[in-house]
Amino acid sequence: MAEPQYRTPKGTHDVLPEEQRYMTYIKKAVRHRARQAGYKRIDPPMFEDRRIFERGIGEHTDIVEKELFNVSGKSADTEGEKNASFALRPEFTAGICRAYVEHGMQQLPQPVQVFAIGPCFRHDRPQKGRYRQFHQFDLEVIGLKDPSLDAQLIHVITNIFADLRILDRLTLQINNIGTAENRKAYVDALRDFFIGKERQLPELDRSRLKTNPLRLLDSKEEDTQILIKNAPKLTQFLDEESKQFHATLLDYLTTLGIAYVENPGLVRGLDYYTQTVFEFWDQSTGAQNAVGGGGRFDGLIELLGGKPTPGVGFAGGIERIIWHMKEAGVQAPHKDQVDIFVAQLGPEAKKTCLKLIADLREKGIHTVGALGEASLKSQMRLADKFEAKFALLLGKMEVKRETIILRDMAKGQQKEIPFEGIIEKVVELLGEKNLDTYTLRDQFTGPTDD
Ligand code: HAM
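The structure contained in this document is the topic of the report that follows.

What counts and how
Residues numbered from 1 in each chain as written. Predicted model: local features only at pLDDT ≥ 70, side-chain atom pairs only at ≥ 80, totals over all residues. Heavy atoms only, no water. Helix = DSSP H or I, 4+ residues; strand = E, 2+ residues; numbered from the N terminus. Rg over C-alpha atoms; globule rule 2.2 N^0.38 Å. Buried < 20%, exposed > 50% of the residue type's maximum accessible area, 1.4 Å probe, protein only. Contact = heavy atoms within 4.5 Å. Lys, Arg positive; Asp, Glu negative; His and termini not counted. Charge placed at Lys NZ, Arg CZ, Asp CG, Glu CD. Near = heavy atom within 4 Å. Polar contact = N/O pair within 3.5 Å; in protein donor to acceptor, adjacent residues only side chain to side chain. Areas by Shrake-Rupley, 256 points an atom, 1.4 Å probe, with all protein chains shown as cover. Nonpolar A, V, L, I, M, F, W, Y, C, P; charged D, E, K, R; others polar. 1 Å grid on protein atoms, 1.4 Å probe; cavity = no way out; pocket = protein on both sides within 12 Å on 5 of 7 lines; lining within 4 Å. Points joined across faces, edges and corners; volume = space filled by probe spheres on them.

1. Some points on the overall build of the protein chain
Check the secondary structure of the protein chain and you find 15 helices and 16 strands. On C-alpha atoms alone, the protein chain measures out to a radius of gyration of 28 Å, which is more than a quarter above the 22 Å that the 2.2 N^0.38 rule sets for 450 residues. Reported as C-alpha extents along the three principal axes, the dimensions of the protein chain are approximately 95 × 50 × 50 Å. Taking all 450 residues of the protein chain together, the buried fraction comes to 48%. Considering only residue pairs separated by 6 or more positions, the protein chain has 70% of its internal contacts joining residues 24 or more positions apart. Put simply, the protein chain has 63 plus and 66 minus side-chain charges, and the middle of one group is 4 Å from the middle of the other.

The structure is reproduced here in structure tokens:
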């Protein structure tokens with residue numbers, strides 16, 4: 001095959017139908033568990049004022065320093081937005097907190113619990129499990145602070161992973177990084193510790209020491225790791241409240257039967273975190289491929305112009321979850337099967353089939369039809385390729401005799417039967433319960449399903 005002239009941009013991928021099955025399955029699990037726990041859906045825009053990410057996530061984080069996709073366009077020149085500079089969202093949390101402030105959500109009953117699902121963008125170096133456009137599901141609990149909220153959030157997430165049958169492949173890593181003040185004191189101590197040792201650090205970590213020393217804790221560099229072993233520990237700087245909060249949270253997790261690994265080295269790559277931080281790691285490969293992470297962000301809303309408001313949240317990486325499901329041999333159930341393939345020959349038959357196809361579909365039967373001019377034989381080959389359960393064949397003779405041929409594709413058997421009553425016959429063969437009868441009307445009585 002010739003090389004295609006156009007390809008997806010580096011680090012992006014088409015979500016092809018086969019992959020959509022997993023996507024849909026995951027979205028369903030998320031929606032179901034989120035609804036059960038009282039979360040409502042929110043969709044912040046895909047791009048925002050850059051400053052929301054810079055201020056929220058932190059100017060000296062990798063995400064902001066290196067990975068923000070800038071958006072330029074005419075809108076940046078329109079009146080009132082003259083100096084606006086936009087970026088594609090690298091995550092949901094900062095945008096959701098901006099929305100909380102913008103829409104006065106502090107007036108709502110607290111905590112406000114929202115969830116989001118959709119693409120995020122980071123201009124990272126593409127590699128396995130790391131893309132420039134990827135999908136997250138995100139859960140946020142804003143407006144109240146109590147370790148039971150952190151525990152409940154983690155419980156919802158473990159339920160989602162259990163539903164997707166990958167929980168046993170993951171470990172929950174958890175830590176408490178203290179308040180902003182605790183961290184400041186710790187960062188000062190870290191800087192002091194490294195005075196005179198800067199030259200032993202690899203270049204990247206040397207600059208991190210200046211801009212964001214906490215990142216040295218999860219550095220992948222061996223030299224840094226050796227030095228860090230003797231550095232002061234964050235736990236020594238935690239205040240009593242943080243320690244108590246953490247102990248209570250761990251106690252609640254145990255009550256809920258959730259296994260965890262205490263990881264004092266876990267700091268997370270975003271600046272807004274306070275106290276609780278956690279990640280779900282791949283048991284076999286470790287942190288590099290966390291399927292999700294989250295924590296408390298008690299200072300973020302204020303940073304974005306709101307009143308001091310606590311929050312806790314989490315985001316899972318959908319591509320990484322799909323990878324785990326496939327590795328674990330989990331099949332995503334889907335409804336893409338073709339029930340009936342309608343084949344026809346001759347203008348009269350074609351017209352009759354056009355109507356028949358519409359009626360079958362209306363009944364909730366997945367129907368495809370070859371309405372071209374191909375021979376019946378090649379239409380049957382097509383029916384086979386579509387893996388249709390049954391085929392209906394209408395040729396000139398059948399039209400005249402007011403019959404139709406019904407073929408069981410698996411058995412390779414066929415018989416001629418009266419055209420009248422054919423839909424009822426097909427329903428009987430497929431089974432009433434297998435019909436895809438979902439209609440928009442269901443929305444008035446049941447949950448929506450977009
Ligand atoms: P994060 O750890 O930056 O946290 O991202 C969460 C998850 O998104 C990661 O664990 C990973 O599975 C997935 N992910 C991140 N970057 C990529 C990428 N380049 N390619 C594929 N998957 C990726 C957050 O985004 C926070 N907003 C989570 C949060 C919510 N904290 C509080 N509330």
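Next comes the rest of the write-up.
2. Details of the site of the ligand
Within the structure, the ligand sits among 26 residues, and E91, T93, Y131, R268 and Y273 are positioned closest to it. Note that a nitrogen atom of the ligand is positioned 2.9 Å from one of the side-chain N or O atoms of E140. In this structure, an oxygen atom belonging to the ligand sits 3.0 Å away from a main-chain N or O atom of A290. Coverage of the ligand by the protein chains reaches 96% of its 650 Å² of free accessible surface. For the shell around the ligand, the secondary-structure elements that each account for two or more residues are strand 6 (133–142), strand 10 (292–296) and strand 11 (311–317). Split into classes, the residues belonging to the shell around the ligand amount to 10 nonpolar, 9 polar and 7 charged.

3. Section: the layout of surface pockets
The probe, sized like a water molecule, is rolled over the atoms to show the empty space still left. Roughly 650 Å³ of internal volume is contained in the second largest pocket. In terms of lining residues, the second largest pocket is bounded by 29 residues, among which A180, R183, D271, Y272 and Y273 are the most central. Counting residues per element, the ones that place at least two in the lining of the second largest pocket are helix 2 (50–57), helix 6 (180–194) and helix 10 (300–303). Top element by residues in the lining of the second largest pocket is helix 6. It accounts for 6 residues.

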